Amino acid sequence: SELWAETGVVIHVVRRAGCVVCRNEAYELINAVRPRIRALADGNQREVPFIAIVREVAPTKKVKQDAGPKGLGVGVFQQEYWDNNPVYWDEGQLFVKAMGNRKWSLPRFDNPWWKPWAIWGEITAGLKALKDKGINGNMVGDGFTQGGVLVIGPGSQGVTYAHFEEGDADIGMPADEI
């Protein structure tokens, strides 16, 4: 609570630091949302902090720092997409649990409405759009546990905005919502 006592905080709960969708969310938060929040502050000397919470930092839980090029991309995420804002490791998965410990799952194959080619088309179109935008990533780590974005207001306001990832084809939270 000390983190948001005076200014509030924007928290990006990251599914995977190498995930292109997560990196796009970070990019949008830094490049589209942060300028709007700065404008709303209207000369306030205290800037609203942006922090990221990552679930994984290296190929094994025993290693507590980025494992370099073969790691999960925490360093690249922080430098290239998060503007060197703080990134914290959620070792106990407390934020993931607080967000419902939601997981993306494959649809049942016996469902007559399941159209794998349509889903694949959405995913590939979204990934191509992100690649065209310059967002790159990897497929290392758990891609099924969902993340999201929380905005906590100053003082005792609590959560003023929440975005929960809906699925793997969720190409990012709309910046216009915040």
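Overview of the structure. Quick caveat: nothing in here was measured; it's all calculated off a predicted structure.

So, on to the nonpolar core. Counting residues in each nonpolar core, the largest one holds 26 residues, and the members touching the most others are V10, L29, F50, F77, W82 and V87. When residues of this core are traced back to their parent elements, those giving at least two are strand 1 (9-14), helix 1 (20-41), strand 2 (50-54), helix 2 (74-81) and strand 4 (148-153). Residue contributions to this core peak at eight residues, all from helix 1. Beyond its immediate chain neighbours, meaning those up to four positions away, F50 contacts V10, L29, I30, V33, R34, I37, W82, N85 and P86. Among the nonpolar cores identified, the runner-up in size contains nine residues, and V13, V96, M99 and I152 belong to it.

One pass over the full model with this rule turns up four salt bridges. Taking the shortest distance from any N to any O, the salt bridge between R34 and D83 comes out at 2.7 Å. Of this pair, R34 sits in helix 1 while D83 is found in the loop between helix 2 and strand 3 (87-89), placing the two residues 49 residues apart along the sequence. Given the relative accessible area of 10%, R34 is considered buried.

This part is about the sheet that holds strand 5 (residues 158-164). Reading across the sheet, the five strands line up as 3-2-1-4-5 and stay open at both edges, with mixed pairing between neighbours. Either end of the sheet is taken by a strand with one partner, and the two such strands are strand 3 and strand 5. Within the sheet, the average angular offset between the axes of one strand and its neighbour, ignoring direction, is 20°. Strand direction decides the pairing type here: strand 1 and strand 4, joined by five bridges, are antiparallel. Residue pairing for strand 4: V13 is matched across the bridge by G148.

Attention now goes to the packing of aromatic side chains. Under the definition given, this model contains two aromatic pairs. Ring centres 6.1 Å apart and planes at 20° place the aromatic pair F77 and W82 in the stacked group. Taken together, the ring pairs in this structure connect F50, F77 and W82 into an aromatic cluster.

Thresholds applied
Position numbers for residues count from 1 along each chain, tracking the sequence in the order it is written. Since the coordinates come from a predicted model, pLDDT governs what is reported: local features require at least 70, and pairs of side-chain atoms require 80 or more to be given and counted, while whole-chain, interface and lining totals use all residues. By convention in this description, side-chain values take in all heavy atoms of the structure and omit both hydrogens and water. Buried Ala, Val, Leu, Ile, Met, Phe, Trp, Tyr and Cys residues form a nonpolar core when they are joined through side-chain atoms within 4.5 Å. Under the scheme applied here, a residue whose accessible area is under 20% of the maximum for its type counts as buried, over 50% as exposed, and between as partly exposed, the area being computed with a 1.4 Å probe on protein chains only. Per the convention used, a helix needs a DSSP run of H or I reaching at least four residues, while a strand needs a run of E reaching at least two, with both numbered from the N terminus. By definition in these notes, contact holds between two residues if any of their heavy atoms fall within 4.5 Å. A carboxyl oxygen of Asp or Glu within 4 Å of a side-chain nitrogen of Lys or Arg is what we treat as a salt bridge. Being paired, for any two strands, means DSSP has found at least two bridges between them. Interaxial angles span 0 to 180 degrees and are taken between N-to-C directions of axes, which are lines fitted to C-alpha atoms, for helices over the stretch in contact. Working definition: rings of Phe, Tyr and Trp (its six-membered ring) pair if their centres are within 6.5 Å, and the pair is stacked with planes under 30 degrees apart, edge-to-face with planes over 60 apart, and tilted otherwise.

Honestly, that's just the spatial picture; any functional story needs more than this.
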